[in-house]
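Residue-level listing of the chains:
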Amino acid sequence: MTLPTVLLVDDDPTVNLLNQMVLQRVGIRLDEALQICTNAQAALRLLTGPKPPEWPGAFPPGLVLLDINMPETNGFELLDALGKQAPETAAAMQVFLLTSSVDHGDQARARRHPLVAGYLEKPLTTTKVRTLLQELGVDVPPRPRR
Amino acid sequence: MHQNPTSPLSTPPAPDRTDALGLHWGHWLILLGSLTITVALYLRSSQADATGQAIAFERESERVVDLILDRMALYENALWAGAAHLQASPNASTLNAWSRYAAKLSIEGRYPGVNGIGLVELVAREDLPQYLARHRIHRPEFSVYPPHDHPEHLVISYIEPSELNSQAVGLDIAHESNRRAGALRARDTGTATITGPIVLVQDSDQTPGFLFYVPWVDAQERFLGLVYAPFVMTRLMHGTLESQRRLVHLRVRDGGEVLYDELVPSHPLHDPDPSMSEQTVLEMYGRRWTIDIQTDLAFRSAHHSSTPRLILAAGLLIDGILLWFFLALARKNREAITYASEVTERLEAVNEELVQFNYRTSHDLVAPLKTMRGFAALCLEDIANHDTSQLPDWLAHIDQQAARLVALVSDLLDLSRADRPNERPEPIALAPLLDAAWAGLATARSGHSPELKTEIDLPGTPMLEPTRTQQIVENILSNAVRYHDPDQPHPWVRVRAHKHQDQLVLIFEDNGLGIPEKIRETMFEMFVRGNSSQPGSGLGLYLVAKHLQRMSGRIEATSREGVTRFTITLPWRDAP
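Small disclaimer: the values here were computed from a predicted structure and weren't measured.

Visitor: I'd like a rundown of the overall build of chain B, residues and numbers included.
Guide: Helix and strand counts for chain B come out as 13 helices and 17 strands. A separation threshold of at least 6 residues defines the contact pool for chain B, and within that pool the share at least 24 residues apart is 68%. By element, 56% of the accessible surface of chain B is carried by carbon and sulfur atoms, the whole surface being about 30600 Å².

This is the structure:
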């Protein structure tokens, strides 16, 4: 299995930059296989609509990294809405929650949610991403050497 | 917030053992006990009162009866004295001698109620002419009347005072059965007697009366006649009883005939509903007098006791006060319970807010740390790979996150202080305050930054709480700088101050990005941020609103036609 197309949903631009850098290091590049949404509503519109012309790679994305704490619509609410509006799309994706939460309730809720494949505790690192991709059966390219 | 953490505060419903009025059974027990005591005291007092009245009535009736008996005994003595006088000196039966004797008795003074004292002589039918001749020596007009068929005559020879009783002189009392029967009974028994009810010939009012006889015998115990006294019953009773203060009224009957009657509605002290009455029968010199005695109005007023009713009224008043007190207590209790549940509800709401605040705060505190760790991991990787080209970028991000954390902690500290008691207001010069705040924002204003314009038009220096005022100004200016429009060729921030009526009006305007439509309603709430791409805790305007609330101020915000305006009004107080 090759590298999946990834959708990153987080309201914090700094976190998005960090995650973009981490994903880039395992070979998932912004202009090739990575889309970033800075709020849940934008992500929902994207996933429930047709494939946007500028979309890089496969649609719907094979992997979604979703922040829980976002203003207005949070990660769980996005998943609930997606499950109702586009269940097939939701089922086709591997959704991992990105959580900085220190609240164990959030982690328990993530485990119980049917659309959640798993959760990753922030910060995202190359090690975590490699492990995740290996678990998903993806052939991770070797570390780029300079 | 998607979480709904359970509040640790919860109130089990209080068991309610009270009734609809809010009274406990114990209250009713006390009321019932008090009521029982009241009624018992009332009954006891009433009973004591009734006993007292009965004793008083008995004493009073006995006194009245004794007065009548004593008086009759007194008259009897006078009559016996007359009889003894006659027996002792045979010449005493002459007119002059009898007049002198009667005068000595001084009837009017010593024997009030008696009409006179007289002498009745027994005259045999055949001796009548001789009797008449004897008396006509001194009284030529003397005659005996009326004629009758009885074998003997019983003629009133004299009666003193004669002028009051002149009609009785010469009356033959044997002509009438009552008079005759009484006289013969005195003769036959040798005792004092009285007649049945008669009307005296000398009584122009024709009211009931009687004659009181004592037999007159000579030394050989031969019956010569009677010493007698006529009585008009009303005079007798008035003479006997008038000087006494009485509380009872009476009626005297002899057989079926009424001798004397006070038990009539026309009597001024008559009590139509007497509290007590009794009947006494007296053996009265051969006659049987029935005396009906009743209490009168004087008795009623003398023995009317208000004590039982006072006890009842006082007891009921105390019971009423007790009931009122219990009801007031129950009402206060209900109010306290209501207040407690209201407070609990408020506490629960506050607690819920606090739980959400903690959740949000801990998240916001942890998030920058995690991001810093992420960039630190990138740094370490790059160093391991001997690639340091991007290290300055990663370190700059770490620094930025650290700054964000510092700002957040600072805001949280301000927030915790916002609920402290108010400071003492001080004269605040606004222009220097604004300049200082603006200078403090120098780092944030790097590059293309707005220009500050101030227009202060105040009649004096206002009195304001220094820390709160400073934080209000800093937070609003900070927002204006952070949300300035980078595409605006001439960005500006303008602060105007003036006094309007009793208010200090502060207007902050800028031509920045404006307030997004979606947060216009919520911008003064906790953790609401205009734009998540900008750093900030989301506590700035919340803190401003909180400070203003504490200072009795107001804030309004508008954002239209490229100008965002915050208008603050505060009560104006002049510096002394």
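Visitor: I'd like a description of the overall build of chain A, backed by residues and values.
Guide: A count of helical and extended segments in chain A gives seven helices and five strands. Counting from the amino terminus, chain A carries its helices and strands in the arrangement β-α-α-β-α-β-α-α-β-α-β-α. By the burial criterion, 54% of the 146 residues in chain A qualify as buried. Within chain A, contacts between residues at least 6 apart in sequence are counted, and of these 64% link residues at least 24 apart. Here chain A has roughly 6700 Å² of accessible surface; of this, 52% comes from carbon and sulfur atoms.

Visitor: Can you break down the interface of chain A and chain B residue by residue, with the values?
Guide: Contacts between the two partners involve 29 residues from chain A, matched on the other side by 27 residues from chain B. Roughly 2400 Å² of surface becomes buried between chain A and chain B when both sides are summed, with 51% attributable to carbon and sulfur atoms. Considering only the side of chain A, the residues that lose the most area to chain B are Thr 14, Leu 18 and Arg 25 of chain A, jointly responsible for 22% of the buried surface there. Scanning the region where chain A abuts chain B turns up four salt bridges. Across the pair Arg 404 of chain B and Asp 12 of chain A runs a salt bridge, and its minimum N-O distance is 2.7 Å. Linking chain A with chain B are nine residue pairs in polar contact (both at pLDDT 80 or more). Listing elements by their share of the side of chain A that touches chain B, those giving two or more residues are helix 1 (13–25) and helix 6 (104–112) of chain A. No other element matches helix 1 of chain A, which puts eight residues into the side of chain A that touches chain B.

Visitor: Residues and numbers for the packing of helix 3 (residues 40–48) of chain A against helix 4 (residues 75–85) of chain A, please.
Guide: All names here are of chain A. Between helix 3 and helix 4, the shortest axis-to-axis distance is 10 Å and the interhelical angle comes to 20°. By the angle class used here, helix 3 and helix 4 are roughly parallel. Relative to helix 4, helix 3 is oriented so that their crossing is right-handed. Here Ala 40, Ala 43, Leu 44, Leu 47 and Thr 48 of helix 3 come into contact with helix 4, specifically with Leu 78, Ala 81, Leu 82 and Gln 85. Looking at the contact of helix 3 with helix 4, its residues break down into seven nonpolar, two polar and no charged.

Visitor: Run through the pattern of salt bridges, naming residues and quoting values.
Guide: On inspection of all chains with the given rule, the structure shows 26 salt bridges over all chains. Between Arg 25 of chain A and Glu 381 of chain B there is a salt bridge, with the nearest N and O atoms lying 3.0 Å from each other. Residue Arg 25 of chain A is found in helix 1, and its partner Glu 381 of chain B is found in helix 9 (residues 307–384); the two belong to separate chains. Since its relative accessible area comes to 15%, Glu 381 of chain B is described here as buried. Of the charged contacts in the structure, one is a salt bridge between Arg 550 of chain B and Asp 419 of chain B, with a shortest N-O distance of 4.0 Å. Note that Arg 550 of chain B is positioned in helix 13 (residues 540–550) and Asp 419 of chain B in the loop between helix 10 (391–418) and strand 11 (426–427), a separation of 131 residues in sequence.

Visitor: Please set out the sheet that holds strand 15 (residues 503–510) of chain B residue by residue, giving values where relevant.
Guide: All names here are of chain B. Taken in spatial order, the five strands line up as 12-14-15-17-16 in an open sheet, and their pairing is mixed. Looking at the sheet topology across the chains shown, the edges are occupied by strand 12 (451–457) and strand 16 (554–560). Within the sheet, the average angular offset between the axes of one strand and its neighbour, ignoring direction, is 15°. Bridge count between strand 16 and strand 17 (residues 563–571): seven bridges; the pairing is antiparallel. The partner of Arg 554 across the bridge, within strand 17, is Thr 569. In this fold helix 11 (residues 430–440) packs onto strand 12, strand 14 (492–500) and strand 15, with an angle of close to 165° to the strand it touches most, strand 12.

Visitor: Describe the nonpolar core, listing the residues and the values that go with them.
Guide: Residue and element names in this part refer to chain B. In terms of nonpolar packing, the biggest core is built from 51 residues, with Met 72, Phe 212, Leu 250 and Trp 289 touching the most fellow members. Sort the elements by how many residues they give to this core and helix 1 (residues 25–88) lands first, with 12 residues. Setting aside anything within four residues of it in sequence, one finds Met 72 in contact with Ile 194, Phe 210, Phe 212, Leu 236, Met 284, Tyr 285 and Trp 289. Counting 34 residues, the second largest nonpolar core, distinct from the first, contains Leu 434, Val 493, Phe 508 and Ile 555.

Visitor: Any chance you could break down the confidence of the model for chain B for me, citing the residues and the numbers?
Guide: Taken as a whole, chain B shows an average pLDDT of 88; of its residues, 95% reach a score of 70 or greater. For this predicted complex, the interface confidence score (ipTM) comes to 0.91, while the overall pTM stands at 0.55.

Visitor: Which residues make up a negative patch on the surface, and what values do they have?
Guide: Taken together, the side chains of Glu 58, Glu 62, Asp 66, Asp 70 and Glu 278 of chain B make up a negatively charged region of the molecular surface. Within the secondary structure, Asp 70 of chain B sits in helix 1.

Visitor: Quick one: what's the story with the side chain of Asn 511 of chain B, residue by residue and with numbers?
Guide: Residue and element names in this part refer to chain B. Along the chain, Asn 511 turns up in the loop between strand 15 and helix 13. The class of Asn 511 is buried, set by a relative accessible area of 8%. A polar contact of 3.0 Å, which involves the side chain of Asn 511, links it to the backbone oxygen of His 490. Of note is the side chain of Asn 511, whose polar atom sits 2.9 Å from the backbone nitrogen of Trp 492. Beyond its immediate chain neighbours, meaning those up to four positions away, Asn 511 contacts Asp 485, Gln 488, His 490, Pro 491, Trp 492 and Gly 562.

Visitor: So what's going on with the packing of aromatic side chains? Which residues, and what values?
Guide: Tallied over the full model, the rule gives 13 aromatic pairs over all chains. For the pair Tyr 131 of chain B and Phe 142 of chain B, a centre-to-centre distance of 5.8 Å together with 65° between the ring planes defines the contact as edge-to-face. Residue Tyr 131 of chain B is found in helix 4 (residues 128–136), and its partner Phe 142 of chain B is found in the loop between helix 4 and strand 2 (152–160); the two are separated by 11 residues along the sequence. For the pair formed by Tyr 131 of chain B and Phe 142 of chain B, the shared burial category is buried. Among the aromatic residues, those joined into a cluster by ring pairs are Tyr 75, Tyr 111, Phe 210, Phe 212, Phe 231, Tyr 285 and Trp 289 of chain B. The lysine or arginine in question, Arg 109 of chain A, covers the ring of Phe 76 of chain A, its NZ or CZ lying 4.3 Å from the ring centre. Between Arg 494 of chain B and the ring centre of Trp 492 of chain B, over which it is positioned, the NZ or CZ distance is 5.4 Å.

Visitor: Can you tell me about the sheet that holds strand 5 (residues 118–121) of chain A, naming the residues and giving the values?
Guide: Residues and elements named next belong to chain A. Read across the open sheet, the five strands follow the order 2-1-3-4-5; overall the sheet is parallel. Each edge of the sheet is formed by a strand with only one pairing partner; in this case those strands are strand 2 (34–37) and strand 5. Ignoring strand direction, the axes of neighbouring strands in this sheet form an average angle of 20°. Bridge analysis of strand 3 (residues 63–67) against strand 4 (residues 94–99) gives five bridges, and the strand direction is parallel. Residue pairing in the sheet places Val 64 in a bridge with Val 95 of strand 4. Strands in contact with helix 4 are strand 3 and strand 4; relative to strand 3, the strand with the most contacts, it is inclined by about 135°.

Visitor: Give me the side chain of Asp 411 of chain B: which residues, what numbers.
Guide: All names here are of chain B. Tracing the chain through its elements places Asp 411 in helix 10. No salt bridge is formed by the buried Asp 411. Its closest oppositely charged neighbour is Arg 482, at 6.2 Å. Ignoring any residue separated from it by four or fewer positions in sequence, one finds Asp 411 in contact with Ser 537 and Leu 539.

Calculation criteria
Residues numbered from 1 in each chain as written. Chains lettered and ligands numbered in written order. Predicted model: local features only at pLDDT ≥ 70, side-chain atom pairs only at ≥ 80, totals over all residues. Heavy atoms only, no water. Helix = DSSP H or I, 4+ residues; strand = E, 2+ residues; numbered from the N terminus. Contact = heavy atoms within 4.5 Å. Areas by Shrake-Rupley, 256 points an atom, 1.4 Å probe, with all protein chains shown as cover. Buried < 20%, exposed > 50% of the residue type's maximum accessible area, 1.4 Å probe, protein only. Buried area = accessible area lost by both parts, 1.4 Å probe. Salt bridge = Lys/Arg side-chain N within 4 Å of Asp/Glu carboxyl O. Polar contact = N/O pair within 3.5 Å; in protein donor to acceptor, adjacent residues only side chain to side chain. Axes fitted to C-alpha atoms, helices over the stretch in contact; angles between N-to-C directions. Parallel < 35°, antiparallel > 145°, perpendicular 65-115°, else oblique. Left-handed = near helix turned anticlockwise from the far one by under 90°. Nonpolar A, V, L, I, M, F, W, Y, C, P; charged D, E, K, R; others polar. Pairing = 2+ DSSP bridges. Core = buried A, V, L, I, M, F, W, Y, C linked by side-chain atoms within 4.5 Å. pLDDT = per-residue confidence, 0-100. Patch = residues over 30% accessible without salt bridge, like charges linked within 9 Å, V, L, I, M, F, W, Y side chains within 5 Å. Lys, Arg positive; Asp, Glu negative; His and termini not counted. Charge placed at Lys NZ, Arg CZ, Asp CG, Glu CD. Phe/Tyr/Trp six-rings, centres within 6.5 Å; stacked < 30°, edge-to-face > 60°. Lys NZ or Arg CZ within 6 Å of the ring centre and 35° of its normal.

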